[in-house]
Amino acid sequence: MIFWFLCAASSAFTNTSISVKGIISNKYESSNQWLSLISITLLDGGKITHTTFPKHDSTFSFAGLTPGSYIMQVTSPTYAFDSVRLDVSPRLSIRARKLNLLQLGSVELLSHKPLKLRALSKHVFFVERPRIKPKEVIFNPMVNSNFPILVFGSIFDGNLYFFNAQVEENTRK
């Protein structure tokens, strides 16, 4: 009986980690195919400590979190997500809040039972460049203002050298 009590007491004091569960959602997609491209990482001091991938039912979990402060980032090639700061206290309680790097004093607490992450917007990495038309180049005011300098400067450049040589010759006499 005493042995059982000691084992139960020691196991109660050795539990120094906690798990976090969450759901990731996306209002821009109706199917769950986009989930295969998502990874969720926890950073502690700039170093990746945990990485997970969402399941087909959009849930994810991190197990074995020790007390500390973590930044949760969702990596997606097509969607943007908010970063979340997770604070795990030594008593193994969790506080989750949106990470706002522009206003460090503003705190927006999030429910962490389960933690809900939503896609904010679609990434727009590749935008088609507008094509330059010859008409736009010809009638561009910058081109028109520099054109006489380029044309006449190259014509007179050789003549100016010849003129300067004659002036120097006349001044020596």
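Looking up the chain in an unreviewed UniProt entry gives the name ER membrane protein complex subunit 7-like, with the organism given as Octopus sinensis. We quote the UniProt Subcellular location (unreviewed entry) comment for the chain here in full: "Membrane". Here the chain is described in UniProt, under the heading Sequence similarities (unreviewed entry), as follows: "Belongs to the EMC7 family."

The next point concerns the overall build of the chain. Looking only at helices and strands, the chain has 3 helices and 10 strands in total. In the chain, the succession of α and β elements from N to C terminus is α-β-β-β-β-β-β-β-β-β-β-α-α. The burial tally for the chain puts 21% of its 173 residues in the buried class. A total accessible area of about 13400 Å² is found for the chain, and carbon and sulfur atoms account for 61% of it.

This model, assessed by the stated rule, comprises 3 salt bridges. For Lys98, the salt bridge is made with Asp82, and the minimal N-O distance between the two is 3.4 Å. Of this pair, Lys98 sits in strand E8 (residues 94-98) while Asp82 sits in the loop between strand E6 (79-81) and strand E7 (84-88); the two residues are 16 residues apart in sequence, bridging distant segments of the chain. A relative accessible area of 28% means that Asp82 is categorised as partly exposed. A salt bridge links Arg95 to Asp87, with the nearest nitrogen and oxygen atoms 3.6 Å apart. Residue classification places Arg95 among the partly exposed residues on the basis of a relative accessible area of 40%.

In terms of nonpolar packing, the biggest core is built from 24 residues, with Ile24, Ile40, Met72, Phe81, Leu86 and Leu117 touching the most fellow members. Mapped onto this core, the elements with two or more residues apiece are strand E1 (18-25), strand E2 (39-44), strand E4 (59-65), strand E5 (68-75), E6, E7, E8 and strand E10 (115-122). Sequence-distant contacts of Leu117, that is, excluding residues within four places in its chain, are made with Ile23, Ile24, Ser25, Phe60, Met72, Val74 and Val84.

Below, the discussion takes up the side chain of Thr41. Positionally, Thr41 belongs in strand E2. For Thr41, the contacting residues outside a window of four places in its chain are Ile48, His50, Thr51, Phe62, Ile71, Met72 and Gln73.

Further remarks concern the sheet that holds E6. The 4 strands are arranged E4-E1-E10-E6 in an open sheet whose pairing can be described as mixed. Edge positions in the sheet fall to E4 and E6, since each of these pairs with one other strand and no more. Across the sheet, the mean angle from the axis of one strand to that of its neighbour is 35°, orientation sign disregarded. Examined bridge by bridge, E1 and E4 share 5 bridges and lie antiparallel to one another. Bridge pairing in E4 links Gly22 to Phe60.

Looking at the secondary structure, you find Arg91 in the loop between E7 and E8. Residue classification places Arg91 among the exposed positions, given a relative accessible area of 79%. As for Arg91 and Thr16, which are separated by 75 residues in sequence, their C-alpha atoms are 8.5 Å apart.

Rules of the game
Residues numbered from 1 in each chain as written. Predicted model: local features only at pLDDT ≥ 70, side-chain atom pairs only at ≥ 80, totals over all residues. Heavy atoms only, no water. UniProt positions renumbered as here; feature names shortened; annotations may be inferred. Helix = DSSP H or I, 4+ residues; strand = E, 2+ residues; numbered from the N terminus. Buried < 20%, exposed > 50% of the residue type's maximum accessible area, 1.4 Å probe, protein only. Areas by Shrake-Rupley, 256 points an atom, 1.4 Å probe, with all protein chains shown as cover. Salt bridge = Lys/Arg side-chain N within 4 Å of Asp/Glu carboxyl O. Core = buried A, V, L, I, M, F, W, Y, C linked by side-chain atoms within 4.5 Å. Contact = heavy atoms within 4.5 Å. Pairing = 2+ DSSP bridges. Axes fitted to C-alpha atoms, helices over the stretch in contact; angles between N-to-C directions.

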